[in-house]
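Observations on the model geometry
So the chains spell out like this:
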Amino acid sequence: MGYLDNTVEYGFGQLGSGHVQLAASTLTPPSGLVIMAITFLDSLALSALVPEQINNIDTYFGTTGTANTSGSSVVIDTSTVFPKGITIYGRWSSVSLQADSDHGIIAYYGR
């Protein structure tokens, strides 16, 4: 018999994805979803990476807000360059690039 709970599936991007290459674009997930993972197709800096908030507390690192509640994460600077090929995981409400790029990023959505 198959496993019927889709909780794990929905947490890893099976609910769609988005792609952005231009700095003028802000990528936001569809209503009710968050960005769960971001794969960098070029080495890029982000102008905004907005963490999801729960009870007015940032739950993941980003370019805005405060460090997460464990104290082990800090706000990243907009000059931080993520290398081509890396995938970062978290829960973000939006992302935008610091500069235009040839290939951009792919953002994966989840609940």
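Coordinates for the structure precede this section.
For the structure given in this document, a descriptive report is provided here.

Procedures and definitions
- Residues numbered from 1 in each chain as written.
- Predicted model: local features only at pLDDT ≥ 70, side-chain atom pairs only at ≥ 80, totals over all residues.
- Heavy atoms only, no water.
- Helix = DSSP H or I, 4+ residues; strand = E, 2+ residues; numbered from the N terminus.
- Buried < 20%, exposed > 50% of the residue type's maximum accessible area, 1.4 Å probe, protein only.
- Contact = heavy atoms within 4.5 Å.
- Areas by Shrake-Rupley, 256 points an atom, 1.4 Å probe, with all protein chains shown as cover.
- Salt bridge = Lys/Arg side-chain N within 4 Å of Asp/Glu carboxyl O.
- Pairing = 2+ DSSP bridges.

With respect to the overall build of the protein chain
In terms of regular secondary structure, the protein chain is built from 1 helix and 9 strands. Ordered by position from N to C terminus, the α and β elements of the protein chain give α-β-β-β-β-β-β-β-β-β. Burial analysis of the protein chain (111 residues in total) assigns 40% to the buried set. Taking all contacts inside the protein chain whose residues are at least 6 apart in sequence as the whole, residues at least 24 apart take part in 76%. For the protein chain, the exposed area adds up to about 6,300 Å²; of that, 54% sits on carbon and sulfur atoms.

Describing the pattern of salt bridges
All chains considered together, the criterion is met by 1 salt bridge. Across the pair Glu52 and Arg91 runs a salt bridge, and its minimum N-O distance is 2.5 Å. Pair noted here: Glu52 is in the loop between strand 4 (44–51) and strand 5 (53–54) and Arg91 is in strand 8 (residues 87–97), with a separation of 39 residues, a long-range link. When its relative accessible area of 15% is taken as the criterion, Glu52 is described as buried.

As for the environment of Tyr108
When you line up the elements, Tyr108 lands in strand 9 (residues 105–110). Separated by 91 residues in the primary sequence, Tyr108 and Ser17 place their C-alpha atoms 4.3 Å from one another.

A word on the pairing of strand 4
The element strand 4 is extensively covered by neighbouring structure, given that 6 of its 8 residues are classed as buried. In terms of strand pairing, strand 4 meets strand 7 (residues 81–82) through 2 bridges, oriented antiparallel. From the neighbouring strand, Ala45 faces strand 7, where its bridge partner is Val81. The sheet contact formed by strand 4 and strand 8 spans 5 bridges and is antiparallel. Counterpart to Ala48 in the pairing with strand 8 is Ser96.

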